[in-house]
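Tertiary structure, described
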Amino acid sequence: MKHVLFAGLLAGAALFAGCDGNSEPVQGPASDFKITFQARYDGQPLEKYKNYTYDSYQVQITRFNTFLSDITLLNGNKEVRISDIDWVDFTPDNAPNNLAVSVPLTFAQVPDGDYTGIRIGYGVRPDLNAKQPKDFAAGHPLSRENEYWLGWGSYIFNKIEGTVDLNNNNVSDGGLVYHCGSDATYRTYTFNTPITVQQGATATVTFDLKKLFDTTDPTGGWLDLNSAYNHVTSNDVSDVVIANLLMNKFDRATTV
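As a further point, take a nonpolar patch on the surface. Taken together, the side chains of Y229, V241 and L245 make up a nonpolar region of the molecular surface, amounting to roughly 250 Å² of accessible area. Of note, Y229 is situated in the loop between strand 13 (202-208) and helix 2 (241-247). Take Y229: its relative accessible area is 32%, and that puts it in the partly exposed class.

Printed below as a string of structure tokens:
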């Protein structure tokens, strides 16, 4: 039996929360460092309820949020973890319009310097995923009851929801609900790109949802939405086929 959910995997009052990973005293100069997270589709800002071409038919996206673990700056053998866990919501209910909002996260007292890359965990790393929302104080990223599925014994790592119009007649032919979760779907990806931390420096991380499904992916073509099985992620924690298809592509969907 399927759990009816869609794709699994920011102005105004954007919802976000973070957990600073810098627990050790910083030696030498350090600055607050801001990373802005953005959601796109085919290179353009993601817009809720907009018809997007998907293979030979149309999809609409109505929700996209995700947990990110162990955000770490890299420089050779040097690693600086700047966050344990964060949750970013690109489609909050109180957004001023249908455009996905940008989510800025500021990480306190990051050692100044030139870095060669960044590593990001997609989802909730296993030791934290073994806990439940009741284990965390209000306001902590992992205190969100709506982002935890007791039946899985897991947080919902990301939610991508929407609808599909298979006949291109402007009538929905079904919901799309991809909620990824469980330790089996947790991924970490490294992005080799110059990053400088100093007073006033910033970075941007962009997720392009089309790249989760684009036919140019050498590992295969579009996820065929003509099959109802592919509309949702399973509510069976042992069935992570669709979830893994998505999580395996999040590196190519990410630009730093």
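For the coordinates displayed, the defined rule picks out 9 salt bridges. Note that R125 and D70 form a salt bridge whose closest N and O atoms lie 2.5 Å from each other. Residue R125 is found in the loop between strand 8 (113-122) and helix 1 (126-129), and its partner D70 is found in strand 5 (residues 57-75); the two are separated by 55 residues along the sequence. The exposure class of R125 is buried, given its relative accessible area of 15%. On the basis of relative accessibility, which here comes to 19%, the residue D70 falls in the buried class. One salt bridge connects D84 with R125, and the closest N-O pair in it is separated by 3.8 Å. Pair noted here: D84 is in strand 6 (residues 78-89) and R125 is in the loop between strand 8 and helix 1, with a separation of 41 residues, a long-range link. Residue D84 shares its accessibility class with R125, and that shared class is buried. Through salt bridges that share partners, D70, R81, D84, R125 and D127 make up one connected network.

Here the phi dihedral of D42 falls at roughly 55 degrees; this positive angle occurs in a residue that is not glycine. Within the element layout of this structure, D42 appears in the loop between strand 2 (30-41) and strand 3 (44-45). Of note in this structure, S182 is not a glycine but carries a positive phi near 90 degrees. For S182, a relative accessible area of 7% translates into the label buried.

How each quantity is defined
- Counting from 1, residues in each chain are numbered in the order their sequence is written.
- Local features are withheld for residues below a pLDDT of 70 in this predicted model, meaning they are given only at 70 or higher, and side-chain atom pairs are given and counted only at 80 or more; totals for whole chains, interfaces and linings count all residues.
- Each side-chain value is derived from all of the structure's non-hydrogen atoms; neither hydrogens nor water enter the calculation.
- Nonpolar side chains (Val, Leu, Ile, Met, Phe, Trp, Tyr) within 5 Å and like charges within 9 Å form the patches, drawn only from residues with over 30% relative accessible area and no salt bridge.
- In short, Shrake-Rupley with a 1.4 Å probe defines the accessible areas, and a residue's cover is counted only from the protein chains shown.
- Only one rule defines a salt bridge in this text: a Lys or Arg side-chain nitrogen within 4 Å of an Asp or Glu carboxyl oxygen.
- In DSSP terms, a helix is any run of H or I states spanning at least four residues, a strand is any run of E spanning at least two, and both are numbered starting from the N terminus.
- Remark: exposure states derive from per-residue accessible area (1.4 Å probe, protein chains only) relative to the maximum for the residue type, with buried under 20%, exposed over 50%, and partly exposed in between.

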